Structures are given as structure tokens and as C-alpha cells.
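Letter by letter, the chains look like this.
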Amino acid sequence: MQFVDEASIIAEAGNGGNGCLSFRREKYVPKGGPDGGDGGHGGSVYLIGDDSLNTLIDFKYQRFYKAENGQGGMGRQMSGKAGEDLHVKVPVGTTVIDEDTLEVIADVTEIGQVVLVAQGGRRGLGNIHFKSSTNRAPRRTTPGTEGERRNLRMEMKVMADVGLLGMPNAGKSTLIRAVSAAKPKVANYPFTTLVPNLGVVKLGMHEHFVMADVPGLIEGASDGAGLGLRFLKHLTRTRLLFHVIDVAPFDESDPVEAAEAIVHELEQFSPALAERPRWLVLNKFDLLPEEEREAAAEAIIERLAWDGPVYRISAISSDGTEALVQAAHRWLTEQRRLENEDEAAAEREREMRARMEAESVARTEARLGRKRKRVDEDDDDFDDDDYDVEVEYAP
């Protein structure tokens, strides 16, 4: 299935039904009076989080979603039928943005979460509501209001516990293959990963966590270079980052410079994301002579001035990967325990997620703003000044 994590749709709620103008006409009832019923409310459009979906591809082919209109009122004080609401399933992890105002409408993060995105129109009132002691035969009704119509942009971010971060060809895909059942493409050239991959790392009968592999980053990723700007957002859902570093790059580039470039892009994209716990994972140790491995690792750690957790692995042979995932599982378990027992810790986590989401949305807004500006600049309609042609209009 094609991976699609961004889509634009139009959601249009149903219009409310008009009120009815009617008078009671029955045999032997000479002055029946008004009996026009009300219209029905228009249907609304809702989004529902569904764990069976993992892509927005359906919204690439169907982009217009409209709820049912309310039925008009009828005589004999009969109200019109309300329009059916429209419920649209979306993947869990979808952020919904109003394209016109760039307002974040909702963030669908739970299975079954229901979000109203377009409110149905209100019903119109029949003339029965307007009778009074001075107006026994009112000819007044009200029309139903129009349903809300919104241009929506949806962005899906994968829901994972651990995110893999690193340059292209650092071995992220190999690592996720080694510790989970995921089988992303692996090859000896950069950018083999073009879409995020999720892998479930199982450590026991009921113990597991989800790991996300996103396309490799390059310098300038936070400004849209490569695939970075599109896929960095997926890391905002994670709790822990593995910064995978190739200790023996085939192009003989400097691993420390590559690592510093990644950190810089992370800070430019989202300062809050850069504050997320990050572990250093030194990969491809099997390519170095055994007697040089420890010295190479210490040199990288020293130059980075790194004082956090460090793991030395060879993903292709799975050396060191078991210790890495066991440590990650223990850390994630402890974090969840703290959040369940300590409200302050839970609040800090919510604030961190809110900051990351706000910064990610700001990047999206800037990107949409630049895109809109380019469209406006390209939309150069013909006018009298084009080609320096003087136009005279006949009387």
C-alpha cells in the first residue's frame, strides 16, 4: 500500500431544512390556524480515530465529504427529518488543520476519538411558532441555515515509542529489521528508506514497544531539503530517540560532523523535540578492526561532549542490539510508571507534547504559507499592462 501522510479534503455539513408555511384545513374547522412544522437540522461531519488505518491514501482519491441536508418542515405540525451525520475514519495520530485559517482543529490520538470538523445547519421554524394574540394567521417562517464548509489539511504522524534518527545509510533500517518483524528495504546506497516504517519490538509475552524508522536526514532538512521536513514531524510522537551514527561511513565522511548536523536540524525544526531524551547508538562496529573500536567510540563521544547513554552495536549481525532494546524497554516502562503515579510528571509530558505539536504545526503553516505565496505569484492574469500593449475601449 502506498504510504500517504498528508492530504487535503473538503468537509461540508448539511443545510438545515426550511420551516413550513401551512394552515390547518379540515372539514368543520373553519379557522384551523397555522400548523407549519419545523425543518430538520443538517447533518454534521465527524472524524473518528481508527487503528485499522495507517495511511491517508483514501483521502487522495476521495476529497469531498458532505453530510445529508435536513428535510423541510411539513403541514400538520410535522417536522422534517434531520440529516444523517457523516462519520469519517482517520488513522490514529492525525492532526487536522483548517487550511484557510491555519488553525489546528484537533489532534486524533486515541482509538474511537470523535472530532467535529463541520457543524450542520440549524433547522428553520414553521409558521406555528409565530402565532400570537394579535397575529392569528402568521405567514412568517425562517429558512434553515447553511451547513459549515471547511477546507481541511490532515497530517498523520506515526505513533511510536522510539524513533530512529540519523543520516542516510547510517543503518537505521537494518537496526529495525534486527529487533522487530519489520522488513524495510536495505541497500548499500543512501535514501533507501522513503517512508516511515514501524516495527513492534517484542521482549516477552506481554512486553513490547513500537519503533519508528524515518527517512534519513541531510543538512537543511528543517528547511525542506531532502525528505526531512516531511518526515521529521513523525518523531514528535516518540518518547525516546536513538541517534544512530555510522562509525565507518563508506564515503569516509566525519561521523561527528554528521551527528552535529543532525542535532542542528532537530533544533531548527523543533527545540522541544531536540530536548527529548536521546541515546547515542554507534553502529557498524564490525567494519572496524577490533583493536580500534573502543578508541574510535571514545573519540566520537569526546568530540561530541556527550554525557548521555551510549550503545555500541552492529545492526547487521545483531551484536549489541539486545542490550539496547532491553534498556529502552526498561526506560519506557519506568517513564510510564512515573506518569501514572506522579501528576507533575504526567503534566510535564503533556506540556512537552503540546510544545512539539505547536512547533511542528508552525513549520507546516510556514510551508503552506510559502506554497500559497508561490501560487499567488504564479497567478498573473492578463491585464492592460501585459506586454506593454495600450488598450483603447470603444464607446
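In this report, we go over the structure that sits alongside the text. No experiment lies behind these values; they were computed from the predicted model shown. (Residues numbered from 1 in each chain as written. Predicted model: local features only at pLDDT ≥ 70, side-chain atom pairs only at ≥ 80, totals over all residues. Heavy atoms only, no water.)

### Comments concerning the pattern of salt bridges
Going by this rule: What makes a salt bridge here is a side-chain nitrogen of Lys or Arg within 4 Å of a carboxyl oxygen of Asp or Glu, nothing more. We count a stretch as a helix when DSSP gives it H or I for four or more residues in a row; a strand needs E for two or more, and each element gets its number in order from the N terminus. For every residue, the accessible area (1.4 Å probe, protein chains only) is compared with the maximum for its type, and the residue is labelled buried under 20%, exposed over 50%, or partly exposed between those bounds.
In total, this model carries 25 salt bridges according to the counting rule given. Measuring nitrogen to oxygen at the nearest pair gives 2.7 Å for the salt bridge that ties Arg153 to Glu6. A residue pair is termed long-range when its members are at least 10 positions apart, and Arg153 in strand β8 (residues 149-156) and Glu6 in strand β1 (residues 6-12) qualify at 147 residues. Taken as a pair, Arg153 and Glu6 share a single burial class, namely buried.

### Description of the packing of helix α4 (residues 255-269) against helix α6 (residues 290-304)
Stated precisely, the cut-off is as follows: Angular values range over 0 to 180 degrees, each being the angle between N-to-C directions of two axes fitted as lines to C-alpha atoms, with helices fitted over their stretch in contact. With respect to orientation, any angle under 35 degrees is reported as roughly parallel, any angle over 145 as roughly antiparallel, any angle of 65 to 115 as roughly perpendicular, and every other angle as oblique. Crossing handedness is defined as follows: a turn of the near helix away from the far one that is anticlockwise and smaller than a right angle gives a left-handed crossing, while the clockwise case is right-handed. Contacts are assigned to residue pairs that have any heavy atoms within 4.5 Å of one another. Think of it as three bins: nonpolar holds Ala, Val, Leu, Ile, Met, Phe, Trp, Tyr, Cys and Pro, charged holds Asp, Glu, Lys and Arg, and polar takes everything else, Gly as well.
Orientation of α4 relative to α6, taken along the N-to-C sense of each, is 40°, at an axis distance of 10 Å. On the basis of their axis angle, the class for α4 and α6 is oblique. Crossing geometry of α4 relative to α6 is assigned as right-handed. Seen from α4, the contacting residues are Pro255, Val256, Ala259 and Glu260; seen from α6, they are Ile300, Arg303 and Leu304. In the contact of α4 with α6, the residues fall into 5 nonpolar, no polar and 2 charged.

### Concerning the nonpolar core
The cut-off we apply is this: Take the buried residues of types Ala, Val, Leu, Ile, Met, Phe, Trp, Tyr and Cys, join any two whose side-chain atoms come within 4.5 Å, and each joined set is a nonpolar core.
Val45, Leu47, Leu56, Phe59, Val117 and Met154 are the most contacted members of the largest nonpolar core, which has 27 residues in total. The set of elements that each furnish at least two residues to this core consists of β1, β2 (45-50), β4 (86-91), β6 (104-108), β7 (114-118), β8 and β11 (208-213). In contact with Val117, not counting residues within four places along its chain, are Ala11, Val45, Leu47, Val96, Ile105, Glu148, Arg150 and Leu152. Core analysis: the second largest hydrophobic core is formed by 22 residues, Val162, Leu203, Phe209 and Met211 among them.

### Observations concerning the sheet that holds β7
In a beta sheet, neighbouring strands are held together by backbone hydrogen bonds and run either parallel or antiparallel to one another. Cut-off, in case you're wondering: Each pair of strands is called paired provided DSSP finds at least two bridges between the two strands.
The strand order across the open sheet formed by 3 strands is β4-β2-β7, and the pairing between neighbours is mixed. Two strands close off the open sheet at either side, each with one partner strand: β4 and β7. Shown here is a sheet whose adjacent strand axes are inclined to one another by a mean of 35°, direction ignored. Strand direction decides the pairing type here: β2 and β4, joined by 6 bridges, are parallel. By the bridge assignment, Leu47 is partnered in β4 with Val88.

### A look at α4
Using the following cut-off: A helix is expected to span 1.5 Å for every residue after the first. Here a polar contact is taken to be a pair of N or O atoms separated by no more than 3.5 Å, where protein atoms must pair a possible hydrogen donor with a possible acceptor and residues adjacent in sequence count only if both atoms sit in side chains.
With 15 residues, α4 ought to run about 21 Å at 1.5 Å a step, and its terminal C-alpha atoms sit 21 Å apart, in line with that. For α4, the set of buried residues is Pro255, Val256, Ala259, Ala261, Ile262, Glu265, Leu266 and Phe269. Residue Asp254 occupies the N-cap position of α4, its side-chain oxygen lying 3.0 Å from the main-chain nitrogen of Val256.

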